[in-house]
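Summary of the model geometry
These are the residues of each chain, in order.
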Amino acid sequence: MEEQDLTGEIETLKKKLAEEQGKLSDADLILSCQKIEPITQVNIKVRKVLKGHQGKVLCMSWSQDKRHLVSTSHDGKLLVWDAFTTNKEHAISMATTWVMACAYSPSGQFVACGGLDNKCSIYPLLEEEPVTKKRLVGTHTSYLACCQFNTSDHQVLTGSGDSTCVLWDVESGQMIQSFHGHAGDVQALDLSPSESGRVFVSAGCDRAANVWDMRSGQCVQLFDSHESDVNSVRFYPSGDAFVTGSDDASCRLFDLRTDREVAVYKKESVLFGCNAVDFSLSGRLLFAGYSDYVLNVWDVLKAKRVAMLYGHENRVSCLRVVPDGTALAGFKDSAA
Amino acid sequence: MAAISQQKKMVEQLRQEAALERKPVSECVREMLQFVEKEKEGDCLVTGFAAKKDNPFQESGGCSLL
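Residues numbered from 1 in each chain as written. Chains lettered and ligands numbered in written order. Predicted model: local features only at pLDDT ≥ 70, side-chain atom pairs only at ≥ 80, totals over all residues. Heavy atoms only, no water.

As annotated in an unreviewed UniProt entry, chain B carries the name Guanine nucleotide-binding protein subunit gamma and comes from Macrostomum lignano. Within the UniProt record for chain B, the comment given under Subcellular location (unreviewed entry) is "Cell membrane". (UniProt positions renumbered as here; feature names shortened; annotations may be inferred.)

For chain A, the name recorded in an unreviewed UniProt entry is WD_REPEATS_REGION domain-containing protein, with Macrostomum lignano as its organism. Under the Sequence similarities (unreviewed entry) heading, UniProt states for chain A: "Belongs to the WD repeat G protein beta family."

This part covers the overall build of chain B. Summing up its helical and strand segments, chain B has 3 helices and 0 strands in all. Overall, chain B shows an N-to-C arrangement of helices and strands of α-α-α. Looking at chain B as a whole, 27% of its 66 residues qualify as buried. Approximately 4,800 Å² of chain B is accessible, and the part contributed by carbon and sulfur atoms is 54%. (Helix = DSSP H or I, 4+ residues; strand = E, 2+ residues; numbered from the N terminus. Buried < 20%, exposed > 50% of the residue type's maximum accessible area, 1.4 Å probe, protein only. Areas by Shrake-Rupley, 256 points an atom, 1.4 Å probe, with all protein chains shown as cover.)

With that out of the way, let us pick up the sheet that holds strand 23 (residues 295-299) of chain A. All names here are of chain A. Strand order in the open sheet made by the 4 strands is 21-22-23-24, with antiparallel pairing throughout. Each edge of the sheet is formed by a strand with only one pairing partner; in this case those strands are strand 21 (274-279) and strand 24 (304-309). On average, adjacent strands in this sheet sit at an angle of 25° to one another, irrespective of strand direction. Sheet topology places strand 21 next to strand 22 (residues 285-290); 5 bridges connect them, and they run antiparallel. Directly across from D278, in strand 22, lies its bridge partner F287. (Pairing = 2+ DSSP bridges. Axes fitted to C-alpha atoms, helices over the stretch in contact; angles between N-to-C directions.)

L29, Y236, C251, L253, Y265 and L286 of chain A are the most contacted members of the largest nonpolar core, which has 26 residues in total. The set of elements that each furnish at least two residues to this core consists of strand 18 (241-246), strand 19 (251-255), strand 20 (260-265), strand 21 and strand 22 of chain A together with helix 2 (25-39) of chain B. Considering each element in turn, this core owes the most residues, 5 residues, to helix 2 of chain B. Ignoring sequence-local partners within four residues, the contact set of L29 of chain A consists of L253, V262, A263, Y265, V300 and L301 of chain A together with V29 and M32 of chain B. In terms of nonpolar packing, the next biggest core, distinct from the first, is built from 16 residues, A145, L167, L189 and C219 of chain A among them. (Core = buried A, V, L, I, M, F, W, Y, C linked by side-chain atoms within 4.5 Å. Contact = heavy atoms within 4.5 Å.)

With that out of the way, let us pick up the interface of chain A and chain B. At the junction of the two partners, chain A supplies 55 residues and chain B supplies 38 residues. Between chain A and chain B lies a buried interface of about 4,200 Å² when both sides are counted; carbon and sulfur atoms form 68% of it. Taken together, the connections running from chain A to chain B amount to 4 salt bridges. Of the charged contacts, one joins R22 of chain B and D259 of chain A as a salt bridge, the two residues approaching to 2.9 Å between their closest N and O atoms. At the junction of chain A with chain B, the criterion picks out 12 residue pairs in polar contact (both at pLDDT 80 or more). Broken down by secondary-structure element, the contributors of at least two residues to the side of chain A that touches chain B are helix 1 (3-24), helix 2 (29-32), strand 16 (219-223), strand 19 and strand 22 of chain A. When residues of the side of chain A that touches chain B are assigned to their parent elements, the largest contribution, 12 residues, is made by helix 1 of chain A. Tallied by class, residues from the side of chain A that touches chain B come to 28 nonpolar, 13 polar and 14 charged. (Buried area = accessible area lost by both parts, 1.4 Å probe. Salt bridge = Lys/Arg side-chain N within 4 Å of Asp/Glu carboxyl O. Polar contact = N/O pair within 3.5 Å; in protein donor to acceptor, adjacent residues only side chain to side chain. Nonpolar A, V, L, I, M, F, W, Y, C, P; charged D, E, K, R; others polar.)

Attention shifts here to the packing of aromatic side chains. All names here are of chain A. Applying the stated criterion to the full structure yields 10 aromatic pairs over all chains. On the numbers, 5.5 Å between centres and 70° between planes, the contact of F179 with W212 is edge-to-face. Here F179 is found in strand 12 (residues 175-179), whereas its partner W212 is found in strand 15 (residues 209-213), with 33 residues between them in sequence. The exposure classification of F179 matches that of W212, with both residues buried. Plain terms: the ring middles of F200 and W212 are 6.2 Å apart, the flat faces sit at 15° to each other, and that makes the pair stacked. Of this pair, F200 sits in strand 14 (residues 199-204) while W212 sits in strand 15, placing them 12 residues apart in sequence. The burial state of F200 is the same as that of W212; both residues are buried. Site record: aromatic cluster; members linked through ring pairs are F223, F235, F242 and F254. (Phe/Tyr/Trp six-rings, centres within 6.5 Å; stacked < 30°, edge-to-face > 60°.)

The next thing to look at is the state of the cysteines. Residue and element names in this part refer to chain A. Tallying each qualifying case throughout the model produces 0 disulfides over all chains. In this structure C113 is not part of a disulfide, and its nearest cysteine sulfur, from C147, lies 7.0 Å away. A relative accessible area of 0% means that C113 is categorised as buried. Here C219 stays free of any disulfide, with the sulfur of C165 as its closest cysteine sulfur at 10 Å. (Disulfide = S-S within 2.5 Å.)

Before going further, it helps to spend a moment on helix 1 of chain A. When the terminal C-alpha atoms of helix 1 of chain A are compared, their 32 Å separation across 22 residues agrees well with the 32 Å that a helix rising 1.5 Å per residue should span. Within helix 1 of chain A the residues assigned to the buried category are L6, E9, I10, L13, L17 and L24 of chain A. Viewed along the axis of helix 1 of chain A, the buried residues span an arc of 105°, placing them on a single side of the element. Projecting away from the buried face of helix 1 of chain A at angles above 90 degrees are the exposed residues Q4, T12, K15, A18, E19 and K23 of chain A. Buried-residue contacts for helix 1 of chain A involve helix 1 (2-19) and helix 2 of chain B. (Expected span 1.5 Å × (residues − 1). Arc of directions from axis to C-beta.)

Structure follows, in structure tokens:
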């Protein structure tokens, strides 16, 4: 094709896209929700404190049994907790420090984790000495930032500082699919709750959130309205949208079906970067942890902050709502 | 020549974007509201628990050793 033809087509396509975007932008989420009853009170209290990590807690993941959770820290420790009793059920010392990623397997029998070692490893929790039965799932060319089991115990999706995401087969340690497209370190990923095994979103230091087709490895949608590194990403419970938390002190809601940002959660007084985000079960509340020691609770439909949860003396590094929505665990630098 | 391959990539990318089926924002808002309404009852962090004992994280009644 001639260069002129290409330039012409590029112009036509861009115009067409701009027109379409204009037509679709027929409403505003926050304006449309003005008549909705506001959230008048948020009755969330600290019920349990999980103390045991010596170093900064970098990642956590709930078990599907809604009571156990795994957490990993910068000093290389992996702890498995019973959140009801606050007992530590397992303590594994890893060979690496800065364990930035961890995930509980759907069956509850394994935990996957990794960090500065560039590797994603899996430990069987039912063994006498899980640390001796450790298995390597996959290796990146830079640090492991995040990982999640893909619908079963057999596949793990990883995101790395090498700017790629990879889907691994646990049994063989083979790469099933790799995802290239980010222009910087990947910091976070989340699998779609509605398109199980087919779609996931990743976000990172290139300020973008990419939506991927897991079978083809293609990036099907890209959202880059953040002004700084995106540290955390989480799908809306319905799977139709996702929220991101960034160093630009804002959280943004992106709707996949309309392919655009539909809400921004920020406030003049909120100046510090957001490191962790999660939704309540219905998606009405957005929990966001920031570098200024605060956990802000936002009303998703009104873009208003409805509560500030303290109880943390340090930077909130990760938080997760329990699978059945009964509680929220937030890890600060050395305790939950 | 590099410019042409760059442009070809851009055309591919734009074609893909143009082919994406998008819904109007109003429809998405409607569906999101329906979802929130439907799930509201089960969302303990929003509507709370009917009884204290429904909360699995609530401390059970204390007992002291005499």
